[in-house]
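In case you want the letters, here they are:
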Amino acid sequence: MLSALEGPTDSALDTRIDPPPAGELAPLAGVRVVPSVAASAAACCFYGFSRHDAPARAAEIALDDRVPLMKHPDDAHRRERSRMRAQLMERLQRGDAEACRLLLDDIGPAVMRFLRGRVAAADLEDVYQEVFMALFEARHTYERGRPLEPWLFAIARNIAADHARRTSSRASWEELSGDPPERAEADSPARAPDLDALLSRLPAAQREAFAMLKLDGLTLEAAAGRAGVSVGALKVRAHRAYKALKKLIAGEGAGEGD
Amino acid sequence: MADAQHSAHAERHRALVESLAAQVRPVRPLWRVRVRAGLWLLLETLVLAWAATRTGDDHAARFAHPFYALEVLSFAGAAAVAGMLALRAAIPGRRVAPGEIAIALGLAVGGTVLFILGAPVNAGASLGAFAGRGIPCAIETCVLGAAPWLALWWAVRRAAPTRGALAGALVGAGAMLFSFALMRIRCSIDEPAHLLVWHLLPALALIGLSTLAGSIWLRFRPRAAARM
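Residues numbered from 1 in each chain as written. Chains lettered and ligands numbered in written order. Predicted model: local features only at pLDDT ≥ 70, side-chain atom pairs only at ≥ 80, totals over all residues.

(A) Inspection of the overall build of chain B at higher detail. Along chain B, the regular secondary structure elements total 9 helices and 0 strands. When the helices and strands of chain B are placed in sequence order, the string is α-α-α-α-α-α-α-α-α. Counting over 228 residues, chain B shows a buried share of 41%. Summarising the internal contacts of chain B: among those between residues at least 6 apart in sequence, 87% fall at separations of at least 24. (Helix = DSSP H or I, 4+ residues; strand = E, 2+ residues; numbered from the N terminus. Buried ≥ 20, exposed ≤ 12 C-beta atoms within 10 Å, placed from the backbone. Contact = placed C-beta atoms within 7 Å.)

(B) Inspection of the overall build of chain A at higher detail. Summing up its helical and strand segments, chain A has 11 helices and 0 strands in all. Going residue by residue from the N terminus, the α and β elements of chain A occur as α-α-α-α-α-α-α-α-α-α-α. For chain A, with 258 residues in total, the buried portion stands at 33%. Sequence separation of 24 or more characterises 54% of the internal contacts of chain A that already satisfy a separation of 6 or more.

(C) Representation of the packing of helix α4 (residues 66-89) of chain B against helix α7 (residues 164-186) of chain B in the model. Residue and element names in this part refer to chain B. Two elements in contact, α4 and α7, have axes separated by 8 Å at closest approach and are oriented at 155 degrees. Judged on the interaxial angle alone, α7 and α4 are roughly antiparallel. In the packing of α4 onto α7, the handedness of the crossing is left-handed. Residue-level inspection shows E71, V72, F75, A76, A78, A79, A82, G83, L85, A86 and A89 of α4 in contact with α7, the latter providing L166, A167, L170, V171, A173, G174, L177, F178, F180, A181, R184 and I185. (Axes fitted to C-alpha atoms, helices over the stretch in contact; angles between N-to-C directions. Parallel < 35°, antiparallel > 145°, perpendicular 65-115°, else oblique. Left-handed = near helix turned anticlockwise from the far one by under 90°.)

(D) Broad picture of the interface of chain B and chain A. The partner chain A presents 40 residues to the 32 residues of chain B that form the contact. Every element with two or more residues in the side of chain B that touches chain A is listed here: α1 (2-22) and α9 (223-226) of chain B. The dominant element in the side of chain B that touches chain A, judged by the number of residues it contributes, is α1 of chain B, at 11 residues. Each residue belonging to the side of chain B that touches chain A can be placed in one class, and the counts come to 20 nonpolar, 5 polar and 7 charged. (Nonpolar A, V, L, I, M, F, W, Y, C, P; charged D, E, K, R; others polar.)

(E) The environment of A151 of chain B, seen in detail. All names here are of chain B. On the secondary structure map, A151 appears in helix α6 (residues 127-158). For A151, a count of 20 C-beta atoms within 10 Å gives the class buried. A C-alpha to C-alpha distance of 9.4 Å links A151 and V171, two positions 20 residues apart in sequence. Residues contacting A151, with those up to four places away along its chain left out, are W40 and L43.

(F) Examining the environment of G38 of chain B more closely. Take G38 of chain B: it is sitting in helix α2 (residues 33-53). Taking the C-alpha atoms as reference, G38 of chain B lies 9.4 Å from A80 of chain B; in sequence the two are 42 residues apart.

(G) Local environment of helix α6 (residues 124-137) of chain A. All names here are of chain A. Its 14 residues give α6 an end-to-end C-alpha distance of 20 Å, which sits within 8% of 20 Å, the value for a rise of 1.5 Å per residue. Of all 14 residues in α6, 10 are buried; the element is thus mostly enclosed. Considered for burial, the residues of α6 that qualify are V127, Y128, Q129, E130, V131, F132, M133, A134, L135 and F136. (Expected span 1.5 Å × (residues − 1).)

(H) Examining the nonpolar core more closely. Within the largest apolar cluster, 90 residues are counted, with the highest numbers of intra-cluster contacts made by V131 of chain A together with A86, V156 and L177 of chain B. Element by element, the count of residues in this core is highest for α7 of chain B, at 14 residues. Among all residues touching V131 of chain A, those that are not within four sequence positions of it are V111, L115, I155, A156 and I159 of chain A. Among the nonpolar cores identified, the runner-up in size contains 14 residues, and L218, A222, A227 and A241 of chain A belong to it. (Core = buried A, V, L, I, M, F, W, Y, C linked by C-beta atoms within 7 Å.)

(I) Quick peek at the packing of α7 of chain B against helix α8 (residues 192-218) of chain B. All names here are of chain B. At their nearest, the axes of α7 and α8 sit 7 Å apart, and the two run at 155 degrees to each other. The angle between α7 and α8 falls in the class roughly antiparallel. α8 is crossed by α7, and the crossing has right-handed handedness. Partitioning the contact of α7 with α8 into residue classes produces 15 nonpolar, 9 polar and no charged.

(J) Layout of the confidence of the model for chain A. All names here are of chain A. This prediction gives chain A a mean pLDDT of 70; 61% of its residues lie at or above 70. Mean pLDDT in chain A bottoms out at helix α1 (residues 22-25), which sits at 36, and peaks at helix α5 (residues 97-116), which reaches 93. Across residues 1-70, where pLDDT falls below 50, the model places 86 contacts with residues more than four positions away in sequence or in other chains. (pLDDT = per-residue confidence, 0-100.)

(K) How the structure looks around the environment of G172 of chain B. Residues and elements named next belong to chain B. By the secondary structure assignment, G172 is in helix α7. Residue G172 is classed as buried on the basis of its C-beta count, with 28 C-beta atoms lying within 10 Å. For G172 and A82, which are 90 residues apart along the polypeptide, the C-alpha to C-alpha distance reads 8.5 Å. Setting aside residues no more than four positions away along its own chain, G172 makes contact with W149, L206, I207, S210 and T211.

Here it is, written out as structure tokens:
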């Protein structure tokens, strides 16, 4: 059963339509709209297919990543999956690395879908990683026996809100501080070396290490987490990158002097 | 293009998961909210017992007065509710219903109304005498609230509150409303102006400070992510 959870790819189980407010589909007093039925009806209205095809078509649409909506009709299946996630979380709290892998792989697509509606596409990957780190750090706060999802999405929402706050404060700061100073003239003898060109000549791993530490300003631990290597390995990569860049800059300077 | 993006994401996901899995260690889950709230109330009871034994008043005679008993119980009840809500608000995904906050608020307001109606205002006292008798009470209100505040703050901090200001306010309310109730037992003055200015006002000021402190220091920010 756990094999069904493997891999970060999406599955039909994750597909669900957020039902529209019941009032929109049941304007008549006394008519009760079951959420999954409302979801199918909403999908029919939006995409123009018959109601019998709705669940299948809805699943296709969600897999196509165009729609964040959908509610799987099989609630029992979803409950079972939720229970399994809770069990994996309990195992993770006890220090089970395999449970950690299974759980993070399983929730990955759901977290990504959750963030997609809240975070700009360019920042999605960074926020996704932040959410995972936060989940990992706050794992002791999960209460055993409770469903995992409210806990999980509360943390994800908190990280997304933090990110939005950071982005907006950065934007207002940039607005306040005005235009950056102009670059040195291209033909100036004292011009700075073209960092992009130099970086492009480094091996990818070294380039990534340099960019994360020196351009993005990440800490060693955060950069190592993002690169998926140990802090020591990242230090070695960064050190090699510095040495290679030094050599390249020296070589360029000598070339210009000739 | 989409395939390339998807595979790049999958690669990064895999690296991240492996990196986190390599750091997995057993953690001690938080105790249930009601257990932690019970322990905190036990601490409050100890402070109460300590405070009650250090006054020469006849507590039984004072509690025989229904307004007084109801007032002290209202503040103690409001403090207990606020403390429990603070602990619950610190767990991601656990909500604090507005109705629950209204209960705590209602109890505190009810208690305030009771002590205002419970005794006549003494308009004849000089400002010096009023302050001379009041300042020690204000200091004691703060001192008696310190230990419960620290204990509750630590308990909330150990969890992951996503709304720092709310958590800070509830921590402050839990500790300071209880401190107010304790001071009603310790202080023999029932005069409403004294209670408002030297008991309630310091408690409210500290709740405000706690809210501010909560919004700055209590909000859960993952260490790794905060540095990113």
